[in-house]
Amino acid sequence: MTRRPPRVPASHVFAPRVLPSRRRASRALASAALTAGVLVTLSACSLLERPETAKFDVSPASPTPTASPTTSATPSLTDAQARDALLGPAELGERWSATQGGATWRDGLLKGRTDVADCQRLLDGLYAEDLLGKPKGAGAVVGLDQSDTEAQLRYQVAAYGGPAEVDAKMAWLRTLPEKCAEFTATDVRGERQTVRVVPAALPGVGDAREGLRMTMSGEGDLYGETPTLTLDFAAVRVGDRAVSLTNGGLGGAEEDFTNQAVQLGTQRLQNVLAGRPTPNQPANRPADQPADQSTDVPADQQSAEEG
């Protein structure tokens, strides 16, 4: 008879023992799996919630095109208009005539040198006749001489880069009676000249205007007389165009002629721009025809027609 092995109570059944380190590893794996699942779920949700366009916007952004400055096809001033807008002796009176050339004081005094930057710029601009800067379009200039005082008037009509450009130059000119109220310059002979600058009132014409009066006095004898130069400068803006002038000489500068040139010259430019006849422009002559092209009938032809 076979003997059965004795029964072992349930409480004594051997259960395999799990080491603590293995338990921790199992928990870490379970936690990592759970975290990965959550991340996958969140990524899927975020993809579903992203705007449709964002999925395909992967190309680098193109640089924003820079707007090129627009230029007008029609110039604001033509060469013919600039010539027509010039003043002539007839506007100023019988004491004025076409210039015989630049006076000697222009080289002798206006080419002077000084250490004050703004004042040097003033002298250079008066000599070069570009205190408003270089024209950016059409332009014309004329010179006139006065018989009794030997004053010279240089008159210019030109188009510039824009109203703001001309206004900026005028704003600088406005500071000169303070910056250059009195300074010393050395002329081409090495003689010291005392220079004074004061503001000058102008007729209320055009869109903006500025005027100065400059005097230069020296102790030496220049060209047979004491060098006392009086020179007016005036500028008037009409849109992006401007009229500018210098008037004066060693015999002085008559303020009345300066103001007359400013008044009549500005009105003349406005008439030319509007297509209205100017005093020496016959009504039947096109506005773009130069003033020196006369439409008068030759005397011999007129005699033949009268005969």
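See the structure shown above.
Keep in mind it's a predicted model, so treat the numbers as computed, not measured. (Residues numbered from 1 in each chain as written. Predicted model: local features only at pLDDT ≥ 70, side-chain atom pairs only at ≥ 80, totals over all residues. Heavy atoms only, no water.)

Draft legend 1. Local environment of the overall build of the protein chain. Each helix and strand in the protein chain was counted, giving 8 helices and 8 strands. Counting over 307 residues, the protein chain shows a buried share of 36%. Residue pairs in contact within the protein chain that sit at least 24 positions apart in sequence constitute 61% of those at least 6 positions apart. Roughly 18800 Å² of accessible area belongs to the protein chain as shown, and the carbon and sulfur atoms make up 53% of that amount. (Helix = DSSP H or I, 4+ residues; strand = E, 2+ residues; numbered from the N terminus. Buried < 20%, exposed > 50% of the residue type's maximum accessible area, 1.4 Å probe, protein only. Contact = heavy atoms within 4.5 Å. Areas by Shrake-Rupley, 256 points an atom, 1.4 Å probe, with all protein chains shown as cover.)

Draft legend 2. A look at unusual backbone geometry. Phi angles above zero are rare outside glycine, and Glu129 is one such case at about 60 degrees. Mapped onto the secondary structure, Glu129 falls in the loop between α5 (117–128) and β2 (139–146). When its relative accessible area of 24% is taken as the criterion, Glu129 is described as partly exposed. Phi at Glu150 takes a positive value of approximately 60 degrees, unusual for a residue other than glycine. For Glu150, a relative accessible area of 60% puts it in the exposed group.

Draft legend 3. Layout of the sheet that holds strand β3 (residues 152–159). The strand order β1-β2-β3-β8-β7-β6-β5-β4 describes an open sheet built from 8 strands, whose pairing is antiparallel. With partners counted over all chains shown, the strands left at the sheet margins are β1 (96–98) and β4 (182–186), one partner each. Looking at each pair of strands side by side, their axes are set apart by 25 degrees on average, direction ignored. By the bridge criterion, 3 bridges tie β1 to β2 in an arrangement that is antiparallel. Each bridged residue has a counterpart across the sheet, and for Ala98 the counterpart in β2 is Leu144. Sitting on the sheet, helix α6 (residues 163–179) is in contact with β5 (192–199), β6 (208–218), β7 (228–238) and β8 (241–249), with an inclination near 40 degrees to β6. (Pairing = 2+ DSSP bridges. Axes fitted to C-alpha atoms, helices over the stretch in contact; angles between N-to-C directions.)

Draft legend 4. Quick look at the pairing of β4. By the alternation rule, side chains of β4 split into Phe183 and Ala185, which are all buried, and Glu182, Thr184 and Thr186, of which none is buried. Across 5 bridges, β4 lies against β5 in antiparallel orientation. Residue pairing for β5: Thr184 is matched across the bridge by Thr194. Turn length for the β4-β5 hairpin, with the two strands adjacent in sequence and antiparallel, is 5 residues, and the turn residue Gly190 shows positive phi of about 90 degrees.

Draft legend 5. Fine view of the pattern of salt bridges. Enumeration over the complete set of coordinates arrives at 15 salt bridges. Between Asp148 and Arg95 there is a salt bridge, with the nearest N and O atoms lying 2.6 Å from each other. Here Asp148, found in the loop between β2 and β3, pairs with Arg95, found in the loop between α3 (89–92) and β1; they are 53 residues apart in sequence, far enough to count as distant. For Asp148, a relative accessible area of 46% corresponds to the partly exposed category. For Arg95, a relative accessible area of 29% gives the class partly exposed. In this structure, the salt-bridge partner of Asp240 is Arg241, at a minimum N-O distance of 3.5 Å. Accessibility expressed as a relative area gives 16% for Arg241, which makes it buried. Through salt bridges that share partners, Arg95, Asp148 and Glu254 make up one connected network. (Salt bridge = Lys/Arg side-chain N within 4 Å of Asp/Glu carboxyl O.)

Draft legend 6. Structural detail: the packing of aromatic side chains. Across all of its chains, the model carries 1 aromatic pair by this definition. On the basis of an interplanar angle of 75 degrees and a centroid distance of 5.4 Å, the ring pair of Trp96 and Phe257 is categorised as edge-to-face. Here Trp96 is found in strand β1, whereas its partner Phe257 is found in helix α7 (residues 255–274), with 161 residues between them in sequence. According to the relative accessible area criterion, Phe257 is buried, its value standing at 9%. The ring of Trp172 has Arg121 lying over it, and the distance from NZ or CZ to the ring centre is 3.7 Å. (Phe/Tyr/Trp six-rings, centres within 6.5 Å; stacked < 30°, edge-to-face > 60°. Lys NZ or Arg CZ within 6 Å of the ring centre and 35° of its normal.)

Draft legend 7. Just the side chain of Asp187, in detail. Looking at where Asp187 falls in the secondary structure, it is placed in the loop between β4 and β5. Looking at Asp187, its side chain comes within polar contact range of the main-chain nitrogen of Glu191, at 2.9 Å. In this structure the side chain of Asp187 is engaged in a polar contact, spanning 3.0 Å, whose partner is the side chain of Gln193. When near neighbours in sequence (up to four residues on either side) are disregarded, Asp187 contacts Gly108, Leu109, Gly112 and Gln193. (Polar contact = N/O pair within 3.5 Å; in protein donor to acceptor, adjacent residues only side chain to side chain.)

Draft legend 8. Main features of α5. Helix length check: α5, at 12 residues, gives a terminal C-alpha distance of 16 Å against a target of 16 Å (1.5 Å per residue), a fit within 8%. By the burial criterion, the buried members of α5 are Cys119, Gln120, Leu122, Leu123, Gly125 and Leu126. In the segment just after α5, Glu129 is the residue with positive phi, at about 60 degrees. (Expected span 1.5 Å × (residues − 1).)

Draft legend 9. Expanded view of the packing of α5 against α6. Between α5 and α6, the least distance of the axes is 10 Å, while the angle of their chain directions is 115 degrees. The chirality of how α5 crosses α6 is left-handed. Along its contact with α5, which presents Asp118, Cys119, Arg121 and Leu122, the element α6 presents Lys169, Trp172, Leu176 and Lys179. Taken together, the residues of the contact of α5 with α6 break down into 4 nonpolar, no polar and 4 charged. (Left-handed = near helix turned anticlockwise from the far one by under 90°. Nonpolar A, V, L, I, M, F, W, Y, C, P; charged D, E, K, R; others polar.)

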